[in-house]
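What follows is each chain in one-letter form.
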Amino acid sequence: MKFKESPLKDLYRVGLWYGIRPSLQALPAGYEFEVFRALGRQACRLPSHTRRVVDDNLARVFPPGPDLDELRTRVFEEHFCTQYVSFTFPRIQADTMTDYIRMHGVEHLERAAAGGRGVVLAHPHMGCAQLPHFALAHRGYRMMQIGGGGANLRFSRLGQRVADTRVRLEGLIPAKLMDGQGFIRPVLRHIQRGGVLLTAVDGTGSGDEIGRRVERRVLGQRFRTPVGPVYLARRAQAALLPLLVVRRTDGPGF
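Residues numbered from 1 in each chain as written. Predicted model: local features only at pLDDT ≥ 70, side-chain atom pairs only at ≥ 80, totals over all residues. Heavy atoms only, no water.

J.: I'd like a rundown of the sheet that holds strand β2 (residues 143-147), residues and numbers included.
T.: Within the open sheet, the 5 strands sit side by side as β3-β2-β4-β1-β7. Their pairing is parallel. Single-partner strands in this sheet number two, and they are β3 (176-179) and β7 (239-242). With strand direction ignored, the average angle separating the axes of adjacent strands in the sheet is 25°. Sheet topology places β2 next to strand β4 (residues 196-200); 3 bridges connect them, and they run parallel. Within the sheet, the bridge partner assigned to Gln145 lies in β4 and is Leu198. Relative to the sheet, helix α9 (residues 185-192) contacts β1 (119-123), β2, β3 and β4, its axis offset from that of β2 by approximately 150°. (Pairing = 2+ DSSP bridges. Helix = DSSP H or I, 4+ residues; strand = E, 2+ residues; numbered from the N terminus. Axes fitted to C-alpha atoms, helices over the stretch in contact; angles between N-to-C directions. Contact = heavy atoms within 4.5 Å.)

And the structure:
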């Protein structure tokens, strides 16, 4: 989901990054997500090219009706959570961890990592996929993430300043962040030495797609699926596990 550069977008950035972001400190831990979802709902109500693209994509799978309207709203809500999750990083500490992310099924990871074996966690871009780094690093796992695909994005001057700030906030993630267009050997070494890697099984979300892909059908649609997670797990003789980040029903977090 992308919103085109414009003076209106820059005005929105000023209000969000220099008005709303500092005020989030006054909220209880985790309730930043309620603010992000409220912004998403407002964006969903506005007619825009982005909303038309979302509607077209959802209509390829789901029939029209109230359920589709609710799903569209949730798409916008969770997109805004993902976009601004970096605002929460300075506040995620041992005593606030579960307000942001609660892990389920960690026993599968524990079994897979037994004896010092490396693990590849393959995730789609559902929910805030960077949050598990905090919970798993807190449990003692050495984390790494492959990113990239945004090198060709172009921002306004203010947009670039905001992008640089986001990069600084992402530096708080307790994981080594690797460029998906860089050398693969450090990634393989990390896994072979018992580390845990998070990497996506769908698109990069921005910029050019990177890496080799195979065409598969997802929800009846043709989908170019990255082979990276499977390739890395096989090369490193590591375990391959799926990871989903989903919205909680008993609080604002994931």
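J.: I'd like to hear about the side chain of Glu77, residue by residue, with values.
T.: Mapped onto the elements, Glu77 comes out in helix α4 (residues 66-84). Among the polar contacts made by the side chain of Glu77, one reaches the side chain of Arg247 at a distance of 2.7 Å. Sequence-distant contacts of Glu77, defined by excluding residues within four places in its chain, comprise Phe36, Arg37, Gly40, Arg41 and Arg247. (Polar contact = N/O pair within 3.5 Å; in protein donor to acceptor, adjacent residues only side chain to side chain.)

J.: An account of the pairing of strand β5 (residues 213-218) is needed here, citing residue identities and associated values.
T.: A regular strand places its side chains on the two faces of the sheet in alternate fashion. Judged from the 6 bridges that link them, β5 and strand β6 (residues 221-226) form a sheet pairing that is antiparallel. Each bridged residue has a counterpart across the sheet, and for Val214 the counterpart in β6 is Thr225. Hairpin connection, β5 to β6: the antiparallel pair is bridged by 2 residues, and Leu219 has positive phi, about 55°.

J.: Quick one: what's the story with the packing of helix α1 (residues 7-23) against helix α8 (residues 157-170), residue by residue and with numbers?
T.: Where α1 contacts α8, the two axes come as close as 10 Å, and the packing angle between them is 35°. Regarding α1 and α8, the two cross each other, and that crossing is left-handed. Of the residues in α8, those touching α1 at Asp10, Arg13, Val14, Trp17, Tyr18 and Arg21 are Leu158, Gly159, Arg161, Val162, Thr165, Arg166 and Leu169. Counted by class, the contact of α1 with α8 contains 6 nonpolar, 2 polar and 5 charged residues. (Left-handed = near helix turned anticlockwise from the far one by under 90°. Nonpolar A, V, L, I, M, F, W, Y, C, P; charged D, E, K, R; others polar.)

J.: Residue-level account of the nonpolar core, with values.
T.: Counting 48 residues, the largest nonpolar core has Phe33, Phe36, Phe87, Val119, Leu131, Val196 and Phe254 as its most contacted members. When residues no more than four places from it in sequence are discounted, the contact partners of Val119 are Leu109, Ala112, Ala113, Ile191, Gly195, Val196, Leu197, Ala238, Ala239 and Leu241. In this structure, Ile191, Leu197, Ala233 and Ala236 belong to the second largest nonpolar core, which totals 11 residues. (Core = buried A, V, L, I, M, F, W, Y, C linked by side-chain atoms within 4.5 Å. Buried < 20%, exposed > 50% of the residue type's maximum accessible area, 1.4 Å probe, protein only.)

J.: Let's hear about the pattern of salt bridges: which residues, and what values?
T.: Side chains carrying opposite charge are able to pair once their charged atoms draw close together. Per the stated rule, a full pass over the model turns up 12 salt bridges. Note that Arg37 is salt-bridged to Glu78, the shortest N-O span being 3.0 Å. Placement of Arg37 in helix α2 (residues 32-45) and of Glu78 in helix α4 is noted, with a sequence separation of 41 residues between them. Take Arg37 and Glu78: they sit in the same class, and that class is buried. Arg247 is paired through a salt bridge with Glu78; the nearest N and O atoms lie 3.0 Å apart. Taken together, the positions of Arg247 in the segment after β7 and Glu78 in helix α4 put the pair 169 residues apart, joining distant regions of the chain. Glu78 gets classed as buried once you look at its relative accessible area, which sits at 15%. Sharing partners across several salt bridges, the network here consists of Arg37, Arg41, Glu77, Glu78 and Arg247. (Salt bridge = Lys/Arg side-chain N within 4 Å of Asp/Glu carboxyl O.)

J.: Lay out helix α3 (residues 49-59) with the relevant residues and their values.
T.: Within the span of α3, buried status applies to Thr50, Val54 and Leu58. Projected down its long axis, α3 shows its buried positions confined to an angular sector of 65°, all on one face. Turned more than 90 degrees off the buried face of α3, the exposed positions are Arg52 and Asp56. Residues of α3 that are buried sit in contact with α4. (Arc of directions from axis to C-beta.)

J.: Report on the packing of aromatic side chains, specifying residues and quantitative values.
T.: Across all of its chains, the model carries 9 aromatic pairs by this definition. A centroid spacing of 6.0 Å and a plane angle of 50° characterise the contact between Phe36 and Tyr84, whose relative ring orientation is tilted. Highlighted residues: Phe36 in helix α2 and Tyr84 in helix α4, separated in sequence by 48 residues. In this structure, Phe36 and Tyr84 share a single accessibility class: buried. Geometrically, the ring pair formed by Tyr84 and Phe87 is tilted, given 5.4 Å between the ring centres and 35° between the ring planes. Residue Tyr84 shares its accessibility class with Phe87, and that shared class is buried. Ring pairs connect the aromatic residues Trp17, Phe33, Phe36, Phe80, Tyr84, Phe87, Tyr100 and Phe254, which therefore count as one cluster. Stacked on the ring of Phe87, the Lys or Arg Arg21 has its end atom at 5.7 Å from the ring centre. (Phe/Tyr/Trp six-rings, centres within 6.5 Å; stacked < 30°, edge-to-face > 60°. Lys NZ or Arg CZ within 6 Å of the ring centre and 35° of its normal.)

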